[in-house]
Amino acid sequence: MTRTLLVVGHGMVGHRLVQAVRERDVDGAWRVVVLAEEPRAAYDRVALSSYVDTWDASGLALEPHDDAVELRLGESATGIDRAAKRVRTSTGAELAYDALVLATGSSPFVPPVPGRDLPGCHVYRTIDDLDAIRATVDAARHRGAGQRGMGRRAGMVLGGGLLGLEAANALRGMGISPHVVELGPRLMPLQIDEGGGALLGRMVEKLGLTVHTGVSATAVTRDGDRLAATLSDGRELDLDVVVFSAGIRPRDELARAAGLDVGPRGGVVVDGGCRTSDPDVYAVGECALVGGAVYGLVAPGYAMAEVVADRLLGGAAEFPGADTSTKLKLLGVDVASFGDAHATSPGALEVVVNDAVAGTYAKVVVSDDARTLLGGVLVGDASRYSALRPLVGRPVPGDPVSLIGAAAVELALPADAQVCSCHAVTKQQVTDAITSGQAADVPGIKACTKAGTGCGSCVPMLKKLLAECGVEQSRALCEHFPQSRAELFEIVRSTGIGTFSELVARHGSGRGCDLCKPAVASILASLENGHILGGEQVTLQDTNDRFLANIQRNGTYSVVPRIPGGEITPEKLIVIGEVARDYGLYTKITGGQRIDLFGATVDQLPLIWRRLVDAGFESGHAYGKSLRTVKSCVGSTWCRFGVQDSVGLAIELELRYRGLRSPHKFKSAVSGCARECAEARGKDFGVIATENGWNLYVGGNGGFTPRHADLLVSDVDTETLVRIIDRFLMFYIRTADKLQRTAPWIESMEGGLDHLRDVVVHDSLGICADLEAAMAKHVDSYADEWRGVLDDPEKLARFTSFVNAPGAPDPTISFREERGQRVPVVLGIPEVAR
């Protein structure tokens with residue numbers, strides 16, 4: 001006889017439960033009815049922030065159930081009659097059940113802050129919440145539309161945990177400058193330690209967030225059309241929107257009213273089989289209290305769903321315990337924690353590698369005898385996560401430092417190691433799927449084993465296991481595009497596609513990510529598809545490109561006008577000095593023969609640009625993946641050793657390649673003789689004068705791994721030199737991988753420098769004419785990006801600090817004087833430490 005399973009709640013865990021029952025119930029023992037409180041079916045709440053990119057809810061939808069499932073949308077449960085085994089619903093219906101599963105999830109915790117119910121205050125939990133936040137932002141934009149400099153607005157997120165940072169990312173995607181207020185001493189205090197939190201804070205501040213730790217909000221009030229928030233340290237924030245994301249509370253009200261056991265701090269009490277105090281009622285996910293804990297992550301919820309599905313079909317599965325490991329990319333920053341991340345185990349030892357230069361923090365926690373891996377934290381580079389997490393509780397293979405150091409060893413996972421915690425998939429199950437021929441790529445593994453279909457953090461390990469099994473790996477840009485960056489470049493070039501949304505619809509899948517969006521933005525920009533802030537382009541850009549300036553550690557920006565070859569007239573020097581004086585900017589002569597102006601606020605940028613542009617300056621693209629500078633010595637004009645006019649050539653090259661968008665930034669230099677005063681061999685392409693012409697060197701760079709450039713051609717005249725550089729740069733732009741500088745690009749090329757010489761000097765592929773034509777198109781179509789903003793009111797509207805008080809100082813930004821100039825005050829660092 002068919003029995004009725006009634007599931008209350010259709011979030012990710014409720015959806016997983018229904019799918020698991022349908023997959024196992026081959027005899028049709030259960031009729032499944034689902035009450036979904038929201039008006040839409042289950043969707044990927046983990047990826048909620050990506051909704052901001054498209055505002056298309058269909059992109060988040062999970063796999064639909066089959067026709068055997070009765071899904072009642074927009075209908076919630078209002079009461080449970082356990083004696084009659086019936087549930088009353090918001091429509092007045094009464095539904096009978098044989099087994100009832102509560103998958104009601106959680107609700108956002110809103111601290112008792114006065115003013116929390118004011119218009120413009122929101123929570124961050126559902127698609128409807130995001131729609132409401134968007135409406136508030138749009139209303140603020142409408143109110144400020146007629147005011148000069150309107151567009152960039154401020155918001156506050158109360159809570160600096162996982163959800164808080166996701167909410168801040170969503171606000172950032174809507175054009176809001178987020179303030180993140182966290183009561184704890186660091187961001188993500190539950191997941192990462194002090195060292196990782198410090199690095200994460202620095203990195204997200206560089207991306208446009210203002211972080212306030214160790215403080216709370218004491219009040220929110222209306223101030224005309226805007227909101228004002230007072231922090232516990234006395235600071236006040238002028239805001240357009242407030243989002244509360246300070247944690248969750250189990251939704252156990254149905255269970256309480258029905259007399260089921262609940263925990264003293266909430267949560268429906270369940271046993272190891274996820275059964276409540278009523279044997280016919282189960283609870284799973286964030287509403288369940290299992291083993292004395294409530295889990296707010298999807299992986300434990302999925303594990304509970306599998307247990308209940310097994311129990312409903314006659315099994316005896318027990319909840320295996322929760323894997324609270326977390327790996328995610330927050331605003332483009334990799335963050336991961338696993339196992340005993342805070343070293344709470346008795347005698348636990350911590351091994352830390354903190355590389356401030358590279359912007360990475362790695363810690364492993366081991367047992368007191370250093371033989372067992374207990375947990376770890378990774379910030380900035382989480383590439384070791386998929387290899388380390390499955391080894392928790394297992395012997396450490398060698399020196400613990402070797403797990404995370406610069407020369408980290410390759411780790412061999414045992415066959416029974418769990419590589420996917422969301423679906424409890426082991427290495428053996430994955431390799432069996434590969435070697436049996438069922439799976440030949442990551443999508444195949446996902447279909448066969450479900451590994452990689454949850455949070456996705458195990459996907460790098462799946463790729464590694466494919467390689468170990470001898471399967472050739474794809475050079476796909478990311479999971480949304482099967483093509484490499486070079487292949488996507490050719491698709492865009494040949495089809496004329498001008499937007500990311502069209503490209504992903506026609507040649508990719510999903511909504512895109514932090515890997516493919518900036519890469520596609522670079523491709524579109526290098527093919528001259530309009531202004532960098534035009535249309536959809538602005539949503540793909542990183543913070544620096546969005547404001548055509550480099551954000552600094554205190555939230556201000558630097559302005560770097562182009563000074564080709566380092567040559568500048570007295571009149572232009574005077575203008576720079578006057579601008580720096582009038583706006584109180586810190587000035588510094590850079591290593592690339594330019595003058596950097598630091599300390600500008602967002603609303604000051606267009607005012608500064610106007611004065612510089614009127615004086616004949618233009619953007620120096622210090623913020624972009626493009627040409628930075630062409631450095632030069634004084635050459636034969638002044639130097640007694642100079643044999644060619646290095647200054648004249650440097651200016652010609654810088655003006656020719658200015659604004660050329662590329663996979664990574666690139667730099668150049670021209671030296672007037674072999675003494676090499678311009679350091680040309682440390683550049684992506686460098687030129688050194690000879691008695692007979694010019695030598696061209698390529699593939700050099702400074703940075704974390706310095707490399708000298710290699711000689712490509714020698715003793716060529718200026719016309720030939722420029723033609724070969726044109727070819728070199730366009731070939732690089734078309735074929736390099738995402739964020740790949742010229743040095744590793746040449747090193748990874750089959751045939752290396754010799755092949756490059758064959759292509760761009762000897763035209764072995766017959767493409768040189770096309771490369772030259774592409775460069776000629778760039779030169780002819782170049783337009784200054786600063787002027788493009790100044791001439792467009794819509795773009796200009798993005799640059800503001802406050803809607804109702806343009807030009808008003810931001811209270812979160814302060815300066816002190818050092819050596820006669822203003823420098824930023826860094827909060828939390830004592831004056832003596834500076």
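Structural data are supplied above this passage.
*Asks:* Can you walk me through the overall build of the chain in this structure?
*Replies:* Secondary structure assignment for the chain yields 26 helices and 38 strands. Overall size of the chain, expressed as C-alpha extent along the three principal axes, is 100 × 65 × 55 Å. Considering the chain as a whole, with its 834 residues, one finds that 53% of them fall into the buried category. Counted over contacts in the chain with a minimum sequence separation of 6, partners at least 24 positions apart contribute 62%. Of the roughly 34300 Å² of accessible surface on the chain, 50% is carried by carbon and sulfur atoms.

*Asks:* Teacher, can you tell me more about the sheet that holds strand β29 (residues 557-559) here?
*Replies:* The four strands are arranged β28-β29-β31-β30 in an open sheet whose pairing can be described as antiparallel. Only two strands of the sheet have a single partner each, and these edge strands are β28 (550-551) and β30 (586-589). Of the strand pairs in this sheet, β29 and strand β31 (residues 595-600) are connected by three bridges, and their pairing is antiparallel. Residue pairing across strands places S558 opposite F598, the latter belonging to β31. With respect to the sheet, helix α18 (residues 605-614) is in contact with β29 and β31, its orientation differing from that of β29 by roughly 5°.

*Asks:* I tried to follow the pattern of salt bridges on my own but got confused; where do I start?
*Replies:* Proximity of charged atoms lets side chains of opposite charge pair with each other. Scanning the entire structure with this criterion turns up 47 salt bridges. Residues R125 and E286 are paired through a salt bridge, measuring 2.5 Å at the closest nitrogen-oxygen approach. Placement of the pair is R125 in the loop between β9 (121-123) and α3 (127-143) and E286 in the loop between β19 (281-283) and β20 (288-290), with a sequence separation of 161 residues. By relative accessible area, which is 11% here, R125 ends up buried. For E286, a relative accessible area of 16% puts it in the buried group.

*Asks:* I would appreciate a short explanation of the packing of helix α1 (residues 12-24) against helix α7 (residues 298-312) in the present structure.
*Replies:* Between two packed helices, both the angle of their axes relative to each other and the distance between the axes serve to describe the pair. Interhelical geometry of α1 versus α7 gives an angle of 35° and a closest axis separation of 8 Å. Between α1 and α7 lies a crossing whose hand is right-handed. Seen from α1, the contacting residues are M12, V13, R16, L17, A20, V21 and R24; seen from α7, they are V298, G301, Y302, A305, E306, V308, A309, D310 and L312.

*Asks:* Teacher, can you tell me more about the packing of aromatic side chains here?
*Replies:* Two aromatic rings are characterised by how far apart their centres lie and by the angle between their planes. For the structure shown, the criterion picks out 12 aromatic pairs. Judged by centre distance (5.7 Å) and plane angle (65°), the rings of Y586 and F598 are edge-to-face. Of this pair, Y586 sits in strand β30 while F598 sits in strand β31, placing them 12 residues apart in sequence. Ring centres of Y657 and F685 lie 6.0 Å apart, and the angle between their planes is 90°; on these two criteria the pair is classed as edge-to-face. Of the two residues, Y657 is situated in helix α20 (residues 646-657) and F685 in strand β34 (residues 685-690); the sequence distance between them amounts to 28 residues. Residue classification places F685 among the buried positions, given a relative accessible area of 0%.

*Asks:* Help me understand the sheet that holds strand β4 (residues 77-81) in this model?
*Replies:* In spatial order, the strands read β4-β5-β6; together these three strands make up an open sheet with antiparallel pairing. Unpaired on one side and paired on the other, β4 and β6 (94-96) mark the two borders of the sheet. Along the sheet, successive strands turn relative to each other by an average axial angle of 25°, direction set aside. As defined by bridge partners, strand β5 (residues 86-89) adjoins β6 across three bridges and the pair is classed as antiparallel. Note that in β6 the partner of R88 across the bridge is E94.

*Asks:* I'm lost on the pairing of strand β15 (residues 236-239) in this one. Help?
*Replies:* Within a regular beta strand, the side chains point alternately toward one face of the sheet and then the other, so they alternate between its two faces. Residues L237 and L239 of β15 are buried on one face, while the alternating residues E236 and D238, pointing to the opposite face, are not. Inspection of the sheet shows strand β14 (residues 226-231) paired to β15 by four bridges, in the antiparallel sense. Along β15, the bridge assignment pairs A228 with D238. Between β14 and β15, which pair antiparallel one after the other, the connecting turn spans four residues, and G234 there sits at a positive phi close to 95°.

Criteria and thresholds
- Residues numbered from 1 in each chain as written.
- Predicted model: local features only at pLDDT ≥ 70, side-chain atom pairs only at ≥ 80, totals over all residues.
- Heavy atoms only, no water.
- Helix = DSSP H or I, 4+ residues; strand = E, 2+ residues; numbered from the N terminus.
- Buried < 20%, exposed > 50% of the residue type's maximum accessible area, 1.4 Å probe, protein only.
- Contact = heavy atoms within 4.5 Å.
- Areas by Shrake-Rupley, 256 points an atom, 1.4 Å probe, with all protein chains shown as cover.
- Pairing = 2+ DSSP bridges.
- Axes fitted to C-alpha atoms, helices over the stretch in contact; angles between N-to-C directions.
- Salt bridge = Lys/Arg side-chain N within 4 Å of Asp/Glu carboxyl O.
- Left-handed = near helix turned anticlockwise from the far one by under 90°.
- Phe/Tyr/Trp six-rings, centres within 6.5 Å; stacked < 30°, edge-to-face > 60°.

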